Amino acid sequence: QKEVEQNSGPLSVPEGAIASLNCTYSDRGSQSFFWYRQYSGKSPELIMFIYSNGDKEDGRFTAQLNKASQYVSLLIRDSQPSDSATYLCAVIIQGAQKLVFGQGTRLTINP
Amino acid sequence: DAGVIQSPRHEVTEMGQEVTLRCKPISGHNSLFWYRQTMMRGLELLIYFNNNVPIDDSGMPEDRFSAKMPNASFSTLKIQPSEPRDSAVYFCASSLQGAGYGYTFGSGTRLTVV
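Residues numbered from 1 in each chain as written. Chains lettered and ligands numbered in written order. Predicted model: local features only at pLDDT ≥ 70, side-chain atom pairs only at ≥ 80, totals over all residues. Heavy atoms only, no water.

Undergrad: Please provide a residue-by-residue account of the overall build of chain B, values included.
TA: From N to C terminus, chain B includes zero helices and eleven strands. In chain B, the order of α-helices and β-strands from amino to carboxyl end is β-β-β-β-β-β-β-β-β-β-β. In terms of its C-alpha atoms, chain B occupies a principal-axis envelope of roughly 35 × 25 × 25 Å. A total of 114 residues make up chain B; the buried ones form 52% of that total. Surface exposure of chain B reaches about 5,600 Å², of which carbon and sulfur atoms provide 51%. Of the side-chain charges in chain B, 10 are positive and 11 negative, and the distance between the mean point of each set is 4 Å. (Helix = DSSP H or I, 4+ residues; strand = E, 2+ residues; numbered from the N terminus. Buried < 20%, exposed > 50% of the residue type's maximum accessible area, 1.4 Å probe, protein only. Areas by Shrake-Rupley, 256 points an atom, 1.4 Å probe, with all protein chains shown as cover. Lys, Arg positive; Asp, Glu negative; His and termini not counted. Charge placed at Lys NZ, Arg CZ, Asp CG, Glu CD.)

Undergrad: Run through the nonpolar core, naming residues and quoting values.
TA: Membership of the largest hydrophobic core comes to 25 residues, with the highest contact counts inside it found for F33, W35, V72, L74, I76, Y87 and L107 of chain A. Ignoring any residue separated from it by four or fewer positions in sequence, one finds Y87 of chain A in contact with Q6, L21, W35, Y36, R37, I47, L74, I76, G104, T105 and L107 of chain A. One finds C23, L46, I47 and L77 of chain B within the second-largest nonpolar core, a separate group that totals 21 residues. (Core = buried A, V, L, I, M, F, W, Y, C linked by side-chain atoms within 4.5 Å. Contact = heavy atoms within 4.5 Å.)

Undergrad: Could you give me a rundown of the sheet that holds strand β7 (residues 61–66) of chain A, with the residues and numbers involved?
TA: Residue and element names in this part refer to chain A. In spatial order, the strands read β1-β3-β8-β7-β6; together these five strands make up an open sheet with antiparallel pairing. What marks the edges here is a single partner per strand, and that holds for β1 (4–6) and β6 (54–58). Each adjacent strand pair in this sheet contributes to an overall mean axis angle of 20 degrees, direction not counted. As judged from the three bridges shared by β1 and strand β3 (residues 19–25), these two strands associate in the antiparallel manner. In the strand pairing of β3, Q6 is matched with C23. (Pairing = 2+ DSSP bridges. Axes fitted to C-alpha atoms, helices over the stretch in contact; angles between N-to-C directions.)

Undergrad: Give me the lowdown on the state of the cysteines, citing residues and values where you can.
TA: Residue and element names in this part refer to chain A. A full pass over the atoms with the stated rule returns two disulfides over all chains. Covalent S-S linkage joins C23 and C89, the inter-sulfur distance amounting to 2.1 Å. Residues C23 and C89 are joined by a disulfide whose S-S torsion is about -70 degrees; by sign, that bridge is left-handed. Of the two residues, C23 is situated in strand β3 and C89 in strand β9 (residues 85–92); the sequence distance between them amounts to 66 residues. (Disulfide = S-S within 2.5 Å.)

Undergrad: Hey, could you go over the sheet that holds strand β3 (residues 19–24) of chain B for me, with residue numbers and the actual values?
TA: Residue and element names in this part refer to chain B. With respect to topology, four strands assemble into an open sheet ordered β1-β3-β8-β7, the strand pairing being antiparallel. Each having just a single partner strand, β1 (5–7) and β7 (65–71) make up the two edges of the open sheet. Strand-to-strand, the axes of this sheet are offset by a mean angle of 15 degrees, without reference to chain direction. In terms of strand pairing, β1 meets β3 through three bridges, oriented antiparallel. Residue pairing for β3: Q6 is matched across the bridge by C23.

Undergrad: Give a detailed account of the interface of chain B and chain A, specifying residues and quantitative values.
TA: Often, the extent of an interface is quoted as the loss of accessible area upon association of its parts. Each partner contributes residues to the interface: chain B has 23 residues there, and chain A has 16 residues. With both sides pooled, the region where chain B packs onto chain A buries about 1,500 Å², and carbon together with sulfur makes up 52% of that total. Ranking the residues of chain B by area buried against chain A places L43, Y101 and F105 of chain B at the top, with a combined share of 28%. Across the chain B-chain A interface, the total number found is one salt bridge. Its salt-bridge partner being D56 of chain B, residue K98 of chain A comes within 2.6 Å of it at the nearest N-O pair. Scanning the region where chain B abuts chain A turns up ten residue pairs in polar contact (both at pLDDT 80 or more). Only β4 (31–38) and β5 (42–50) of chain B provide two or more residues apiece to the side of chain B that touches chain A. (Buried area = accessible area lost by both parts, 1.4 Å probe. Salt bridge = Lys/Arg side-chain N within 4 Å of Asp/Glu carboxyl O. Polar contact = N/O pair within 3.5 Å; in protein donor to acceptor, adjacent residues only side chain to side chain.)

Purely spatial values, then, with no claim about function.
Have a look at this one:
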C-alpha cells in the first residue's frame, strides 16, 4: 500500500462548479497534511496545510481532514480555468521531518 | 526574497557523463530537500539536510548519486556516471525548520540523459 494515494484523474469540472480532490494516507500517526498545486512545466507551490480534524478555509479553497478515516480532501469553490493543474497531496510521516507526496490528481476546469 | 534558485534549468548529457545540479536555498532556511519527479514514480525524496547535515538519504537510488551541502547557502546533487533512467526533473526545496509548515520548491532542473 502506498503511503499517500490519490486518484490520478483527469478530473474534469465545469467552470463555476466545486472541484473535489481526495487523498488517503496509510500512516495513522501522521499529523500534518499539505496540498500543493503544480502547473504543467512548473514547480509545486503550497496552497494549504491542515493539522486538525475538520475544515480549514482559505478563500475559494477548503481543506478537510478526517484522521479516523485517514482521509484528506481539497475543495475548490467557483472553479476557474486558471485552477487547471495537478494537485498534490503530501503528508509528514510520523517520526520524520519530510513530506511524502501522492501521485497527484490532474484537474481540468472547462469554460 | 529570490526564492530557491536551481541551476541549470535544463541539462542534456550523454550516458556515462558526470552531472552536477546546484541549489541555493532561501536565506535563513535551515532545511534543504532534493526530490526527483517522473511520470511513473511522481515526486520522490532523494535526501534532506538539516543545518547542512544529511539526515535521511534513504531515497538516493544508488551509489552513483551523491549530495553535499558545504554551507547554508549551497547544495549540490551529483550523478556519476549518468544513465538514461536518471532522466527526470530534479527539484530542490527549502524550509525554515523541517517540513512542519511545508516547503518552497525551486524551479527544477530538467535532466535528459541520452
